[in-house]
Amino acid sequence: MAQTQTPIGAKFQTGHKNPVSGVFTCLGCEQSGRQNTIPLSAGETFPPCRKCNAAVTWKLIRYA
């Protein structure tokens, strides 16, 4: 199962395919003191961050 192979805290770049359904946080927003989380299903492509208006690194914070 993909969930056991993808640990909480795993990081992914905009444009990459998502291996596991979950909720992800934008590290750029997190470092700027903002919060931006998105739900994303397995197989979807990581989007750019709407708040940063840029390609970013997303971190898995919980499974969905």
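What counts as what
- Residues numbered from 1 in each chain as written.
- Predicted model: local features only at pLDDT ≥ 70, side-chain atom pairs only at ≥ 80, totals over all residues.
- Heavy atoms only, no water.
- Pairing = 2+ DSSP bridges.
- Helix = DSSP H or I, 4+ residues; strand = E, 2+ residues; numbered from the N terminus.
- Core = buried A, V, L, I, M, F, W, Y, C linked by side-chain atoms within 4.5 Å.
- Buried < 20%, exposed > 50% of the residue type's maximum accessible area, 1.4 Å probe, protein only.
- Contact = heavy atoms within 4.5 Å.
- Axes fitted to C-alpha atoms, helices over the stretch in contact; angles between N-to-C directions.
- Salt bridge = Lys/Arg side-chain N within 4 Å of Asp/Glu carboxyl O.
- Phe/Tyr/Trp six-rings, centres within 6.5 Å; stacked < 30°, edge-to-face > 60°.

Peer 1: Just to check I follow, could you spell out the pairing of strand 4 (residues 57–63) for this structure?
Peer 2: Regular strands show a simple pattern: their side chains alternate between the two faces of the sheet. Bridge count between strand 1 (residues 11–13) and strand 4: three bridges; the pairing is antiparallel. Along strand 4, the bridge assignment pairs Lys11 with Lys59. Across five bridges, the pairing between strand 2 (residues 22–26) and strand 4 is antiparallel. Across the sheet, the residue bridging to Val23 is Arg62, located in strand 4.

Peer 1: Looking at this model, I keep getting lost on the nonpolar core. Mind explaining?
Peer 2: As a rule of thumb, nonpolar side chains are buried together in soluble globular proteins. The biggest cluster of nonpolar side chains holds 13 residues, and the ones touching the most others in it are Phe12, Phe24, Cys26, Phe46, Cys49, Val56 and Trp58. Sequence-distant contacts of Phe24, defined by excluding residues within four places in its chain, comprise Phe12, Asn18, Asn36, Thr37, Ile38, Leu40, Phe46, Trp58, Lys59, Leu60 and Ile61.

Peer 1: Where do I start with the sheet that holds strand 1 in this structure?
Peer 2: Picture the strands of a sheet paired through backbone hydrogen bonds; they go either parallel or antiparallel. Within the open sheet, the four strands sit side by side as 1-4-2-3. Their pairing is antiparallel. Two strands close off the open sheet at either side, each with one partner strand: strand 1 and strand 3 (37–40). Strand-to-strand twist across the sheet, computed as the mean angle between neighbouring axes with direction ignored, equals 40°.

Peer 1: Would you mind going over the pattern of salt bridges with me for this structure?
Peer 2: Two side chains that carry opposite charge are able to pair once their charged atoms sit near each other. Following the criterion strictly, the structure yields one salt bridge and no others. Note that Lys59 and Glu30 form a salt bridge whose closest N and O atoms lie 3.7 Å from each other. Of this pair, Lys59 sits in strand 4 while Glu30 sits in helix 2 (residues 27–31), and the two are 29 residues apart along the sequence. Here Lys59 falls in the partly exposed class, since its relative accessible area comes to 21%.

Peer 1: Please explain the packing of aromatic side chains as it appears in this structure.
Peer 2: Aromatic ring pairs: the centre-centre distance and the angle between the two ring planes describe each pair. All chains considered together, the criterion is met by three aromatic pairs. For the ring pair Phe24 and Phe46, a centre distance of 4.9 Å and an interplane angle of 85° mean the geometry is edge-to-face. Here Phe24, found in strand 2, pairs with Phe46, found in the loop between strand 3 and strand 4; they are 22 residues apart in sequence, far enough to count as distant. Through a chain of ring-to-ring contacts, the aromatic side chains of Phe12, Phe24 and Phe46 assemble into a single cluster.

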